[in-house]
Amino acid sequence: MVNTEQLVQTITKGIQEKKGNGIVIADLSNIDGSIANYFVICQGNSPTQVEAISESVNDYVREHAGEKPTHVIGLGADQWVAMDYSDVLVHIFLPDTRAFYDLENLWEDAKLTRIPDEN
């Protein structure tokens, strides 16, 4: 079993495998009442890419960390897929859906780390 910070890094690499962009890690660990310690938020440019990113995260984390999500919702619609790794929630959006829900600002007390997009 990996620690939470290692899990976040592994999830990030799974996102990058399928060219997910706009990756933001929200550290919620010091916020009372938060539903997880971390959110990992990213986006894909099409429903197909959103699904591919979620599959990549699932496969990459299972292979490199031996973990699997307890729940995955949003597959099929592929506008917002949420993957629950207990302490870490992964949110994979289409750009318009991400802008609408604006999770980065919803949790305004969270420490945000923006990961540069890979070319």
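Refer to the structure printed above.
Things to note about the overall build of the protein chain
Helix and strand content of the protein chain: 4 helices and 6 strands. On C-alpha atoms alone, the protein chain measures out to a radius of gyration of 13 Å, which is about the 14 Å that the 2.2 N^0.38 rule sets for 119 residues. Counting over 119 residues, the protein chain shows a buried share of 45%. Excluding contacts between residues fewer than 6 apart, the proportion of contacts in the protein chain whose partners are at least 24 apart in sequence is 61%. Approximately 6,700 Å² of the protein chain is accessible, and the part contributed by carbon and sulfur atoms is 46%. Each charge sign in the protein chain was given a centre, from 8 positive and 19 negative side chains, and these centres are 6 Å apart.

Here we look at the pattern of salt bridges
As enumerated under the stated definition, the model contains 1 salt bridge in all. One salt bridge connects Glu104 with Arg98, and the closest N-O pair in it is separated by 2.4 Å. Considered together, Glu104 and Arg98 belong to a single accessibility category, that of buried residues.

Focus on the sheet that holds strand E1 (residues 21-27)
A sheet is described by the order of its strands in space; here 6 strands give the open sequence E3-E4-E5-E2-E1-E6, paired in mixed fashion. Both outer strands of the open sheet, strand E3 (71-73) and strand E6 (111-114), are each paired with one neighbouring strand and no more. Strand-to-strand twist across the sheet, computed as the mean angle between neighbouring axes with direction ignored, equals 15 degrees. Sheet strands in contact with helix H1 (residues 4-17) are E1, strand E2 (38-43) and strand E5 (88-93), and its direction is about 5 degrees off that of E2. Against the sheet, helix H2 (residues 47-65) touches E2, strand E4 (80-84) and E5, its axis set at about 10 degrees to E4.

The rules behind each value
Residues numbered from 1 in each chain as written. Predicted model: local features only at pLDDT ≥ 70, side-chain atom pairs only at ≥ 80, totals over all residues. Heavy atoms only, no water. Helix = DSSP H or I, 4+ residues; strand = E, 2+ residues; numbered from the N terminus. Rg over C-alpha atoms; globule rule 2.2 N^0.38 Å. Buried < 20%, exposed > 50% of the residue type's maximum accessible area, 1.4 Å probe, protein only. Contact = heavy atoms within 4.5 Å. Areas by Shrake-Rupley, 256 points an atom, 1.4 Å probe, with all protein chains shown as cover. Lys, Arg positive; Asp, Glu negative; His and termini not counted. Charge placed at Lys NZ, Arg CZ, Asp CG, Glu CD. Salt bridge = Lys/Arg side-chain N within 4 Å of Asp/Glu carboxyl O. Pairing = 2+ DSSP bridges. Axes fitted to C-alpha atoms, helices over the stretch in contact; angles between N-to-C directions.

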